[in-house]
Amino acid sequence: MRRISKLACAFAMCTFALSATASAQTPQQQCAPRNEVVKVLNAKYQESQRALGLINEKAMMEVYISPAGTWTMVVTNEAGIACVLAAGEAWDEMPAKALGPAS
């Protein structure tokens, strides 16, 4: 599982680096200041932040989820520019499992 997470982070960084160098006129570019991205996710999809993690000292990944099950994964760089990495439907959270000797 840890290897998959590292691969996902590496993919996210590559995607983020590519989108950061793309022209602002590219129709498929989905990057903007983070506060603008968050406003759109909330207003249009009713998504709110449910998870976040640091990729490294220069980027963080966030997951936004709506009560209807839509979700968006966003990567934000140190300059505050956020790019949509992935989005989908039917988000489902697994129940938390207790860890430790009793489990």
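Here we summarise the structure given alongside this text. On a predicted model such as this, the values are computed, not experimentally measured, just so you know.

### Overview of the overall build of the protein
Move 1: Helix and strand counts for the protein come out as 2 helices and 5 strands.
Move 2: Within the protein, buried positions represent 20% of all 103 residues.
Move 3: Nonlocal contacts in the protein, meaning residues at least 24 apart in sequence, comprise 35% of its contacts between residues at least 6 apart.
Move 4: Roughly 7600 Å² of accessible area belongs to the protein as shown, and the carbon and sulfur atoms make up 61% of that amount.

### Quick notes on the pairing of strand 3 (residues 59-65)
Move 1: In terms of burial, strand 3 is largely enclosed, as 5 of its 7 residues are buried.
Move 2: What sits between the antiparallel neighbours strand 2 (residues 48-56) and strand 3 is a turn of 2 residues.
Move 3: When strand 3 meets strand 4 (residues 71-77), the two strands line up antiparallel, connected through 7 bridges. Across the sheet, the residue bridging to Ala59 is Asn77, located in strand 4.
Move 4: The hairpin turn running from strand 3 into strand 4, its antiparallel successor, is 5 residues long, and Gly69 in that turn takes a positive phi close to 100 degrees.

### Here's the deal with unusual backbone geometry
Move 1: Here Gln46, not a glycine, exhibits a phi torsion of approximately 60 degrees, which is positive.
Move 2: Relative to the elements of secondary structure, Gln46 occurs in the loop between helix 2 (34-45) and strand 2.

### Topic: the state of the cysteines
Move 1: Overall, the coordinates contain 1 disulfide when judged by the stated rule.
Move 2: A sulfur-sulfur separation of 1.9 Å characterises the disulfide bridge that pairs Cys31 with Cys83. Given an S-S torsion of about 110 degrees, the disulfide between Cys31 and Cys83 has right-handed geometry. Here Cys31 is found in strand 1 (residues 31-33), whereas its partner Cys83 is found in strand 5 (residues 81-88), with 52 residues between them in sequence.
Move 3: Given the relative accessible area of 6%, Cys83 is considered buried.

### With respect to the nonpolar core
Move 1: Counting residues in each nonpolar core, the largest one holds 5 residues, listed as Val37, Leu41, Tyr64, Val74 and Ala82.
Move 2: Other than its neighbours up to four places away in sequence, Leu41 contacts Gln46, Glu47, Tyr64, Thr72 and Val74.

### Some remarks on the sheet that holds strand 3
Move 1: Taken together, the 5 strands give an open sheet; going across it, the order is 1-5-4-3-2, and neighbouring strands pair in antiparallel fashion. Edge positions in the open sheet fall to strand 1 and strand 2, since each of these has one partner strand only. For this sheet, the mean angle separating the axes of adjacent strands, direction not counted, is 30 degrees.
Move 2: Pairing of strand 4 with strand 5, which is carried by 6 bridges, proceeds in the antiparallel orientation.

What counts, and at which threshold
- Residues numbered from 1 in each chain as written.
- Predicted model: local features only at pLDDT ≥ 70, side-chain atom pairs only at ≥ 80, totals over all residues.
- Heavy atoms only, no water.
- Helix = DSSP H or I, 4+ residues; strand = E, 2+ residues; numbered from the N terminus.
- Buried < 20%, exposed > 50% of the residue type's maximum accessible area, 1.4 Å probe, protein only.
- Contact = heavy atoms within 4.5 Å.
- Areas by Shrake-Rupley, 256 points an atom, 1.4 Å probe, with all protein chains shown as cover.
- Pairing = 2+ DSSP bridges.
- Disulfide = S-S within 2.5 Å.
- Core = buried A, V, L, I, M, F, W, Y, C linked by side-chain atoms within 4.5 Å.
- Axes fitted to C-alpha atoms, helices over the stretch in contact; angles between N-to-C directions.

The analysis is restricted to geometry; functional conclusions fall outside its scope.
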